[in-house]
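Residue-level listing of the chains:
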Amino acid sequence: MMIILGATTLIAIFGGLAGIIGNSRSERTNIIPGVAIATALMPPLCTAGYGLAKGNFTYFFGAMYLFTINTIFIALATFLVLKLLRFPMHKYANAAKRKRYSTIATIVGICVMIPAIFTFLRVLNESQMQRQFDNFIKNEVKSIPGFQLLGEPDFDIERKEIRLSFFNEVTEVNKNLLSNQLKDEQYQRIKDFLINIKGM
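Structure report, in brief. (Residues numbered from 1 in each chain as written. Predicted model: local features only at pLDDT ≥ 70, side-chain atom pairs only at ≥ 80, totals over all residues. Heavy atoms only, no water.)

## Things to note about the pattern of salt bridges
Working step 1: On inspection of all chains with the given rule, the structure shows six salt bridges.
Working step 2: Ionic pairing is found between Arg122 and Glu126, a salt bridge with its closest N-O pair at 3.4 Å. Here Arg122 and its partner Glu126 are both found in helix α4 (residues 95–141), four residues apart, which amounts to about one turn of the helix.
Working step 3: On the accessibility criterion, Arg122 (42% relative accessible area) is partly exposed.
Working step 4: Taking the relative accessible area as the measure of exposure, Glu126 reaches 29% and is therefore partly exposed.
Working step 5: Between Glu161 and Arg163 there is a salt bridge whose closest N-O contact spans 2.7 Å.
Working step 6: Three or more residues are tied together by salt bridges with common partners; here these are Asp154, Asp156, Arg159, Glu161 and Arg163. (Salt bridge = Lys/Arg side-chain N within 4 Å of Asp/Glu carboxyl O. Helix = DSSP H or I, 4+ residues; strand = E, 2+ residues; numbered from the N terminus. Buried < 20%, exposed > 50% of the residue type's maximum accessible area, 1.4 Å probe, protein only.)

## Describing the environment of Ile72
Working step 1: Within the element layout of this structure, Ile72 appears in helix α3 (residues 57–84).
Working step 2: According to the relative accessible area criterion, Ile72 is partly exposed, its value standing at 28%.
Working step 3: Spatially, the C-alpha atom of Ile72 lies 9.9 Å from that of Met113, the residues being 41 residues apart in sequence.

## Structural notes on helix α5 (residues 172–182)
Working step 1: Buried residues of α5: Asn174, Leu178 and Leu182, and no others. All buried residues of α5 project into a common sector of 80° when viewed along the axis, lining one side. Exposed and facing more than 90 degrees away from the buried side of α5 are Glu172, Val173 and Asn180. (Arc of directions from axis to C-beta.)

## A look at the packing of aromatic side chains
Working step 1: Applying the stated criterion across every chain yields a total of six aromatic pairs.
Working step 2: Aromatic pair Phe133 and Phe155: ring centres 4.4 Å apart, planes at 10°, arrangement stacked. Taken together, the residues Phe133 in helix α4 and Phe155 in strand β1 (residues 154–156) connect sequence positions 22 residues apart.
Working step 3: You can call Phe133 buried: its relative accessible area is 4%.
Working step 4: Using a relative accessible area of 13% as the deciding quantity, one classes Phe155 as buried.
Working step 5: Grouping aromatic residues by their ring pairs yields a cluster made of Phe57, Phe60 and Phe61. (Phe/Tyr/Trp six-rings, centres within 6.5 Å; stacked < 30°, edge-to-face > 60°.)

Written as structure tokens, this is what we have:
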């Protein structure tokens, strides 16, 4: 999810940059910014429509959230280029009105970004756990002499469980050995996981 979020956000940023730069040139063209913006905005809208059609509101709200983030980044990229190129800004009738709009835009931006930050941190933590799990399987499990794994090891983050199946019969000594190795400092994020071992 985080990869998709990051990729579409980058497309949105560069789409906004392409859009405003294209409109600031004397020979204006809408092809490049149109494709970039459509790439950032259309997939979330299509996913939202699919979610509504299927009655899956998790899909719908997730897609609309992504659409909102991309829209904000397109607007942000456009605003930064306008500032950089010193375009004349719209003048409001009074300062209070301008301040109100700025406050609303800031609040909306913060509200949209807070869930994205939490999502990023969660995915980052899961990625580190997955990497430590892969290292544990490679360095500890597969290094046991004469033992052969049956299928792929199962890593359940929600249940905090590692499920291993072997062709061989696994003794209590080997089970305790793996459990103790999991508590090593290099496996800090998965040290509390339960190892469930099945042997033939």
